[in-house]
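Structure assessment
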Amino acid sequence: MIIRSFNDKLSQFICKHNYKEVVLIGSSKGGVGSTLYGLINPYVTKVFGMVPDLRISTAPYGESGRKLFFNNDANFEKKVKDFQGLLSSYPVTVENKKFYFYTGMRDYGFQQLVELNKYLYRKYGYDSHLIIMPTPDSHGPLIKEHANLINHIIHDVINDIPLENELFLELGGNIYLSTYPAIGKK
C-alpha cells in the first residue's frame, strides 16, 4: 500500500506550487482514488468521481485478472475492497471540501455509492452531491456515451456553478436526477 507515501508526495507538490484549489477527477477505480485522496489530503478542495468502483471489481477481467490485480494476495484484496475500512486507516480532513459523484442506476457500484454519499454527509457533513443517470447504461457506457454531459459537469464543478438547472432535477439532500436534456447531451 503506497497510499500514505503518495498522499505525502501529493501534499508536497500542492504546497510547492502554492495551489489554492485542487480538484481531483477520476472514473471507475480512478474515481475511488480521487475520492480516497480527496478525503485524506488536507489540500484537496473538490472531488468529481464518475462511477467510482468502490468494490474494486475485477470480474470483467476473469480469475487471471483478479490474481494479477491483487498479486495473489487474499489479505491485500480484502483490504483494498473494503473502502470504509481502508479509509479508517487514515486521518480524514473535513474543512472546505466538496464532493460530486456521477453514476447510473444500472452501474454495478450504484448502491455502494449511494451509501458512501450518505456516509460523507452524515459522518463528516461534507457538501456531497450525487448525480444519477436514469438510463439503461452500465458502468463504461455511463462515461463513454455521455461525454458532453460529463464535460459540462466538470466545468460546473470547477467553476462552482450550481447543478440546479434544466439538466438536473434535485430530489433533495443534494441528490440529482439527470433530465432528458442531460441524457440528450451526448
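Residues numbered from 1 in each chain as written. Predicted model: local features only at pLDDT ≥ 70, side-chain atom pairs only at ≥ 80, totals over all residues. Heavy atoms only, no water.

Description of the overall build of the protein
Regarding its fold elements, the protein presents nine helices and six strands. On C-alpha atoms alone, the protein measures out to a radius of gyration of 17 Å, which is about the 16 Å that the 2.2 N^0.38 rule sets for 186 residues. Dimensions along the principal axes, computed over C-alpha positions, put the protein at roughly 45 × 45 × 30 Å. Burial status across the protein gives 45% buried among its 186 residues. Of the contacts made within the protein by residues no fewer than 6 positions apart, 67% connect residues no fewer than 24 positions apart. Looking at the protein, you have 21 positive and 18 negative side-chain charges, and the mean spots of the two groups are 6 Å apart. (Helix = DSSP H or I, 4+ residues; strand = E, 2+ residues; numbered from the N terminus. Rg over C-alpha atoms; globule rule 2.2 N^0.38 Å. Buried < 20%, exposed > 50% of the residue type's maximum accessible area, 1.4 Å probe, protein only. Contact = heavy atoms within 4.5 Å. Lys, Arg positive; Asp, Glu negative; His and termini not counted. Charge placed at Lys NZ, Arg CZ, Asp CG, Glu CD.)

Considering the environment of R55
Inspection of the secondary structure assignment puts R55 in the loop between β2 (46–50) and α3 (62–70). Of the residues examined, R55 reaches a relative accessible area of 34% and is grouped as partly exposed. In this structure the C-alpha to C-alpha distance between R55 and K81, which are 26 residues apart in sequence, comes to 5.2 Å.

Quick notes on the pairing of strand β5 (residues 168–172)
Here β5 runs beside strand β6 (residues 175–178); their pairing, made up of four bridges, is antiparallel. Note that in β6 the partner of F168 across the bridge is S178. If you look at the hairpin formed by β5 and β6, you'll find two residues sitting between the two strands, and G173 has a positive phi there, around 60°. (Pairing = 2+ DSSP bridges.)

Describing the pattern of salt bridges
A full pass over the atoms with the stated rule returns five salt bridges. Between K29 and D53 there is a salt bridge, with its nearest N and O atoms 3.1 Å apart. Note that K29 is positioned in helix α2 (residues 29–40) and D53 in the loop between β2 and α3, a separation of 24 residues in sequence. What makes D53 buried here is its relative accessible area of 1%. Measuring nitrogen to oxygen at the nearest pair gives 3.3 Å for the salt bridge that ties D160 to K98. With a gap of 62 residues between them, D160 in the loop between α8 (147–158) and β5 and K98 in strand β3 (residues 98–104) connect regions that are remote in the sequence. One network of salt bridges, in which partners are shared, links E21, K46, K98 and D160. (Salt bridge = Lys/Arg side-chain N within 4 Å of Asp/Glu carboxyl O.)

Details of the sheet that holds strand β1 (residues 23–27)
Ordered by their spatial adjacency, six strands build an open sheet running β1-β2-β3-β4-β6-β5, and the pairing between neighbours is mixed. Each end of this open sheet is capped by a strand with a single partner; those strands are β1 and β5. For this sheet, the mean angle separating the axes of adjacent strands, direction not counted, is 20°. Pairing between strand β4 (residues 127–133) and β6: three bridges, direction parallel. (Axes fitted to C-alpha atoms, helices over the stretch in contact; angles between N-to-C directions.)

So, the nonpolar core
L39, I40 and F83 are the most contacted members of the largest nonpolar core, which totals 30 residues. Among the secondary structure elements, those contributing two or more residues to this core are α1 (3–16), α2, α5 (83–87), β3, α6 (110–124) and β4. The contacts of F83, once residues within four sequence positions are left out, are V32, T35, L36, L39, L54 and L116. (Core = buried A, V, L, I, M, F, W, Y, C linked by side-chain atoms within 4.5 Å.)

Details of α6
Across its 15 residues, α6 extends 21 Å between first and last C-alpha, which sits within 8% of the 21 Å expected from 1.5 Å per residue. On its buried face, α6 is in contact with α2, α5, β3, β4 and β6. (Expected span 1.5 Å × (residues − 1).)

So, the environment of K123
Inspection of the secondary structure puts K123 in helix α6. Owing to a relative accessible area of 52%, K123 belongs among the exposed residues under this scheme. Remark: the alpha-carbon pair of K123 and L167, spanning 44 residues in sequence, is separated by 29 Å.

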